[in-house]
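Below, each chain spelled out in residue letters.
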Amino acid sequence: MAEPVDHDVVVVGGGPVGLMTACELALAGVRVAVVERRTEVDPTIKAIGLHIPSVEAFQRRGLLPALLDAQRRQAQELLAALPRRADLARVPVSSDIAGHFAGLTVPRSLVDYADPDFGAAWSRDMMPVSQQALEAILSERAAALGAELRQGAEMVKFADDGDGVDVELDSGERWRCAWLVGADGGRSAVRRGAGFDFPGTDPEITGHQAVVEFADPEVLTPGWNRTGNGVYVYTPLPGRILTVEMDGPPPDRTAPVTLAELQDSVRRVSGTGVTITKVRSATRFTDHARQASTYVRGRVVLAGDAAHVHSPFGGQGLNLGLGDALNLGWKLAATVRGWAPAGLLDTYTRERHPVGAWVLDWTRAQIALMRLDPLTESLRRIVGDLIATPSGATYTAKQLSGVLQKYDLPGDHPLVGCSAPDPGGHVAEALQSGKAVVTGPAGAGAARADRLVHVESDRPMLVRPDGYVAWAAEDPGDTAGLEEALRRWLGGS
Ligand SMILES: Cc1cc2nc3c(=O)[nH]c(=O)nc-3n(C[C@H](O)[C@H](O)[C@H](O)COP(=O)(O)OP(=O)(O)OC[C@H]3O[C@@H](n4cnc5c(N)ncnc54)[C@H](O)[C@@H]3O)c2cc1C
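None of the values given here were measured: they were computed from a predicted structure.

## A word on the pattern of salt bridges
- Taken as a whole and assessed by the stated rule, the structure comprises 31 salt bridges.
- When the shortest N-O distance is used, the salt bridge between aspartate 361 and arginine 364 registers 3.9 Å. In this pair, aspartate 361 and arginine 364 both sit in helix 10 (residues 346-370), three residues apart, roughly one turn of the helix.
- Classification of aspartate 361 by relative accessible area gives partly exposed; the value is 47%.
- When the shortest N-O distance is used, the salt bridge between arginine 451 and aspartate 450 registers 3.1 Å.
- Take arginine 451: its relative accessible area is 12%, and that puts it in the buried class.
- What you see here is one network of salt bridges that share partners, running through Glu3, Asp161, Asp166 and Arg176.

In structure tokens:
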């Protein structure tokens, strides 16, 4: 007989991805604990916004009002912190930017937002919400749903014996769980401990991102600057500086970033003698690009940065990790609760690995375009020209916003594998239950009421709990293939 468990799932890492995974599991009635070594919020500026699939995911869990609230608060804080008028006058204001690729601007005025790929999207734009605000929202929700959040606790050891996983915390406490999720970031101890392969490419840059006060900010040029020594991006509000130097990775990635190190980097890249008087937060990054070949090994599962690392260019990492959490949550919950059809958990790697591989490509290509040699200059001019065409701008904006994200699922209908179109918001409302949704005439799928919610509609679809279409038909009366899809994704009735 299997040993009893203390928790169905233990999630190592209470960053955004660990928290989102815990929310999804708890919503599905799974007993989940999150172990997070930090006791305080990490103030470093990292992700600053959510792409369309992430915003849709929040909407489908009833968290859109919380996001909008956070966005409003952030805007108010920014206004309250407005610095000297002189700085304000130097803030480059342009509404004609839909994003950038390696610093090459995507002109918003050229993007065709009538393109059908944008059609189903909730919004066209990134929603500006800080990673810290997001973590606060998710942490509150995870606790409200009954997840146990253990802050100030470090996972130091674990062993998977095939029937379950024994986990040891730095306090000496031991837990047994059925599944262990490693959402413990890029240097994941779970990934290493479980022996996951992590192939990829070595870093060639050293990047810094910080919020600082300068004694003489006027010597810097706001916006994206490419110099003979690298790249620097200066945003006077809120004093954000990013530098990239192309001469190899830092000698020690774990050492704290000092004021002197930052100042030297800004001086070298900008070619100025600028002086930093105060560092509010700072981080160092590289373009190390690696991805686990599988995301599930035995009873150990990876999500977020633990499964893939890459440079932050393109603002994809957090959004990618949230997508992992959404895809994984209901599948792992179904496995724990015993109704998962055979092979359901395998579809997690199958669906998410290609999305991660694309992000690695997208970020590597940007590093390649940031190199400082004359050949790269020529390539930049050509790529820049392409991006500044209507089709180039539309392609790049679609990639940046995530609307092209689609899973390769069985089924012929063009909607299968896409995020569910939901003009009236009824599907999103039904998805708040964490269950799958079947739309169409009443009665469809009634036998699986514990896993499935019905929404009256003349567009027949089966929408998985993560919001992706698993089956669809044109004719409201057509249910051919529905039972097979229900069995494939939700198991027998
Ligand atoms: C400079 C920079 C800018 C970025 N900008 C963007 C952006 O614009 N858009 C975007 O989408 N992404 C961006 N990212 C990426 C984004 O920040 C990450 O992808 C995101 O933080 C990943 O979340 P995570 O939960 O997987 O990992 P993390 O946020 O790293 O969380 C992992 C957590 O695990 C905890 N932990 C680790 N080991 C243990 C252990 N043994 N026991 C207990 N706890 C442990 C850590 O304390 C940490 O809190 C940026 C990253 C950087 C560095």
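## With respect to the site of the ligand
- Neighbouring the ligand are 30 residues; Glu36, Arg38, Gln131, Asp305 and Leu318 lie closest to it.
- Arginine 37 is positioned with one of its backbone polar atoms (N or O) 3.1 Å from a nitrogen atom of the ligand.
- Taking asparagine 319, its side chain carries an N or O atom lying 3.0 Å from an oxygen atom of the ligand.
- Protein contact buries 88% of the 1000 Å² of open area that the ligand shows by itself.
- Of all the secondary structure elements, the ones that give two or more residues to the shell around the ligand are helix 1 (16-27), strand 2 (32-36), strand 14 (276-285) and helix 9 (317-337).
- In terms of residues, the shell around the ligand owes the most to one element, helix 9, which gives three residues.
- For the shell around the ligand, the per-class residue count stands at 12 nonpolar, 11 polar and seven charged.
- Residue-level mapping places the shell around the ligand at the junction of two domains, with at least three residues from each of domain 1 (7-199 + 290-362) and domain 2 (206-286).

## Remarks on the pairing of strand 4 (residues 104-107)
- In this sheet, strand 4 lies alongside strand 3 (residues 97-101) in antiparallel orientation, the contact comprising three bridges. Its bridge partner lying in strand 4, histidine 100 is registered against threonine 105.
- Between strand 3 and strand 4, which follow one another and run antiparallel, lie two residues, and alanine 102 among them has a positive phi close to 55 degrees.

## Concerning the environment of leucine 372
- Residue placement: leucine 372 occurs in the loop between helix 10 and helix 11 (374-387).
- Leucine 372 sits in the partly exposed class, given a relative accessible area of 31%.
- Along the chain, leucine 372 and glutamate 245 lie 127 residues apart, while their C-alpha atoms are 9.6 Å from each other.
- With residues up to four places along the chain from it excluded, the contact list for leucine 372 reads Arg226, Thr227, Gly228, Asn229, Gly230 and Met246.

## Thoughts on the sheet that holds strand 13 (residues 240-245)
- Taken together, five strands build an open sheet; the order of strands is 11-12-13-10-14 and the sheet is antiparallel. The open sheet has two free edges, formed respectively by strand 11 (223-227) and strand 14, since each of these has just one partner strand. Across the sheet, the mean angle separating the axes of adjacent strands is 20 degrees when strand polarity is ignored.
- Lying over the sheet, helix 8 (residues 259-270) contacts strand 10 (206-214), strand 11, strand 12 (230-235), strand 13 and strand 14, oriented at roughly 85 degrees with respect to strand 14.

## Some points on helix 1
- In this model, helix 1 (12 residues) spans 16 Å end to end at C-alpha, consistent with the 16 Å of a helix rising 1.5 Å per residue.
- By the criterion of burial, helix 1 is predominantly enclosed, with 11 of the 12 residues buried.
- Among the residues of helix 1, Pro16, Val17, Gly18, Leu19, Met20, Thr21, Ala22, Cys23, Glu24, Leu25 and Ala26 are the ones counted as buried.
- One or two residues past the end of helix 1 sits glycine 29, with phi positive at roughly 85 degrees.

## Concerning the domain arrangement of the chain
- Per the domain assignment, the segments making up the chain are domain 1 (7-199 + 290-362), domain 2 (206-286) and domain 3 (426-490).
- With centres defined by C-alpha atoms, the gap from domain 1 to domain 3 works out at 26 Å.
- Interface of domain 1 and domain 3: buried area, both sides summed, is about 1300 Å²; carbon and sulfur atoms make up 58% of it.
- Across the contact surface, domain 1 and domain 3 share one salt bridge.
- On inspection of domain 1 and its partner domain 3, the count reaches four residue pairs in polar contact (both at pLDDT 80 or more).
- For the side of domain 1 that touches domain 3, the secondary-structure elements that each account for two or more residues are helix 2 (52-59), helix 9 and helix 10.

## Focus: the nonpolar core
- Val9, Phe58, Leu67, Leu134, Leu138 and Phe158 are the most contacted members of the largest nonpolar core, which totals 69 residues.
- Discounting residues that sit within four places of it in the chain, leucine 67 has contacts with Leu50, Phe58, Met127, Val129, Leu134 and Ile137.
- One finds Phe101, Phe118, Val244 and Val383 within the second-largest nonpolar core, a separate group that totals 26 residues.

## Focus: the packing of aromatic side chains
- Counted by the stated rule, this structure contains nine aromatic pairs.
- Ring plane angle 70 degrees and centroid distance 6.2 Å describe the contact between tryptophan 224 and phenylalanine 313, whose orientation is recorded as edge-to-face. Within this pair, whereas tryptophan 224 is found in strand 11, its partner phenylalanine 313 is found in the loop between strand 18 (308-309) and helix 9, the two being separated by 89 residues in sequence.
- Under the relative-accessibility criterion, phenylalanine 313 is labelled buried at 5%.
- On the basis of an interplanar angle of 45 degrees and a centroid distance of 4.6 Å, the ring pair of tyrosine 407 and tyrosine 468 is categorised as tilted. Placement of tyrosine 407 in the loop between helix 12 (390-401) and helix 13 (426-431) and of tyrosine 468 in the loop between strand 21 (461-463) and strand 22 (469-472) is noted, with a sequence separation of 61 residues between them.
- Note on tyrosine 468: relative accessible area 7%, which makes it buried.
- Connected via pairs of aromatic rings, a cluster forms that spans Phe101, Trp358 and Trp362.
- For arginine 299, the ring lying beneath its charged end belongs to tryptophan 179, and the centroid distance is 5.0 Å.

Cut-off values and rules
- Residue indices follow the written sequence of each chain, beginning from 1 at its first position.
- Residue-level local features of this predicted model are given only where pLDDT is at least 70; pairs of side-chain atoms are given and counted only at 80 or more, and the full residue set underlies all totals for whole chains, interfaces and linings.
- Side-chain calculation: all heavy atoms of the structure are included, whereas hydrogens and water are not.
- We define a salt bridge as a contact between a side-chain nitrogen of Lys or Arg and a carboxyl oxygen of Asp or Glu at a distance within 4 Å.
- Strands are runs of DSSP state E lasting at least two residues, helices are runs of H or I lasting at least four, and both sets are numbered from the N terminus onward.
- We call a residue buried when its accessible area falls under 20% of the maximum for its residue type, exposed when it is over 50%, and partly exposed in between, using a 1.4 Å probe and counting protein chains only.
- Near is defined per residue: the residue qualifies when any heavy atom it owns lies within 4 Å of the molecule or strand.
- Nitrogen and oxygen atoms within 3.5 Å of one another constitute a polar contact, given that in protein one can donate a hydrogen and the other can accept it, and given that sequence-neighbouring residues count only through two side-chain atoms.
- Shrake-Rupley sampling with a 1.4 Å probe provides the accessible areas, and residues are treated as covered by the protein chains on show and by no other component.
- Throughout this entry, Asp, Glu, Lys and Arg are counted as charged residues, while Ala, Val, Leu, Ile, Met, Phe, Trp, Tyr, Cys and Pro are counted as nonpolar. The remaining residues, Gly among them, count as polar.
- The start and end points of each domain follow an automatic or database-based domain assignment.
- Strands are treated as partners if at least two bridges between them are detected by DSSP.
- For this analysis, residues touch if any pair of their heavy atoms sits within 4.5 Å.
- The convention used is that axes are lines fitted to C-alpha atoms, helices contributing only their stretch in contact, and that angles between N-to-C directions extend from 0 to 180 degrees.
- Here the expected length of a helix is defined as 1.5 Å per residue gap, with one fewer gap than residues.
- Here's the idea: put two parts together, see how much 1.4 Å probe accessible area each one loses, and the total over both is what we call buried area.
- By nonpolar core is meant a set of buried Ala, Val, Leu, Ile, Met, Phe, Trp, Tyr and Cys residues that side-chain atoms within 4.5 Å join together.
- Any pair of Phe, Tyr and Trp rings, taking the six-membered ring for Trp, is counted once the centres come within 6.5 Å. Such a pair is stacked with planes under 30 degrees apart, edge-to-face with planes over 60 apart, and tilted for the rest.
- Think of it as a cone above the ring: NZ of Lys or CZ of Arg counts as a charge over the ring if it is within 6 Å of the ring centre and within 35 degrees of the ring normal.

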